[in-house]
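# Breakdown of the fold
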Amino acid sequence: SGGFTSEGLTMTVYILFGMAFLALGGWISVRLRHWFATRTMQRRFAIGAKAEVDAVELLERNGYTVRDGQVRASNVFLVDGEPVSYYVRADYLADKDGQVFVVEVKSGDTAPNPKHSATRRQLLEYQHVYQTDGLILADMREGVLLKVDFGLDGGAVWERQVPAVSWKALALAGGAGLLLGLLL
């Protein structure tokens, strides 16, 4: 006959329950992943907030006076000749001995390293936008202040070594070019 058998019905129920448990497991997995990500971000924000408070104490112990926190500055660049404005926000402005410094506080595993590409780019942008007397990277994992300078104020941080031009090498290259031209 063409109807359902009890074995067929049982198999269908098993498949439906299997699909339901699979969906429930997927939903629980997504919720747990979201919960862990939220907890991780909350922990990072808490560590960062404590690091910023500790940085003020570190700056003051080293003779700096903190002027302001979360200092916002604007800048403009051109894209296909059209001006695009944007804002950056530095952790602190501080001064010492009549000089003003932008202070960036870092507390993670890699970010406190000035060689870390994201940190380096951020500091380079700060030096360009704020145009202060200098940059301070507060490495709160080590509890140290690092002065960073990219040499944008005209003072060279390093001198480029340009090799001296050898007249013999130029004459040899010219002769080889002339010979090749004649052969072709």
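Up top is the structure these notes are about.
My aim in this report is to walk through the structure given alongside it, one point at a time. Please read these numbers as outputs of a predicted model, since none were measured by experiment.

### A short note on the pairing of strand E1 (residues 65-79)
The side chains of a regular strand alternate, residue by residue, between the two faces of the sheet. Pairing between E1 and strand E2 (residues 82-96): 13 bridges, direction antiparallel. Residue pairing for E2: Leu-78 is matched across the bridge by Pro-83. Hairpin connection from E1 to E2: two residues lie between these consecutive antiparallel strands, with Asp-80 at a positive phi of about 55 degrees.

### What about the sheet that holds strand E5 (residues 144-148)?
Pairing is mixed across the open sheet formed by five strands, whose spatial order is E1-E2-E3-E4-E5. Looking at the sheet topology across the chains shown, the edges are occupied by E1 and E5. Ignoring strand direction, the axes of neighbouring strands in this sheet form an average angle of 40 degrees. Pairing of E2 with strand E3 (residues 99-106) involves five bridges; the strand directions are antiparallel. Note that in E3 the partner of Ala-94 across the bridge is Phe-101.

### Let's talk about the side chain of Asn-75
Mapped onto the secondary structure, Asn-75 falls in strand E1. Of the residues examined, Asn-75 reaches a relative accessible area of 17% and is grouped as buried. Among the polar contacts made by the side chain of Asn-75, one reaches the side chain of Tyr-86 at a distance of 2.9 Å. Polar contacts involving the side chain of Asn-75 include one to the side chain of His-128, which spans 3.4 Å. Those residues within four positions of Asn-75 in sequence are excluded, and the remaining contacts are Val-84, Ser-85, Tyr-86, His-128 and Val-129.

Conventions used here
- Residues numbered from 1 in each chain as written.
- Predicted model: local features only at pLDDT ≥ 70, side-chain atom pairs only at ≥ 80, totals over all residues.
- Heavy atoms only, no water.
- Pairing = 2+ DSSP bridges.
- Helix = DSSP H or I, 4+ residues; strand = E, 2+ residues; numbered from the N terminus.
- Axes fitted to C-alpha atoms, helices over the stretch in contact; angles between N-to-C directions.
- Buried < 20%, exposed > 50% of the residue type's maximum accessible area, 1.4 Å probe, protein only.
- Polar contact = N/O pair within 3.5 Å; in protein donor to acceptor, adjacent residues only side chain to side chain.
- Contact = heavy atoms within 4.5 Å.

Just geometry here; none of it tells us what the structure is for.
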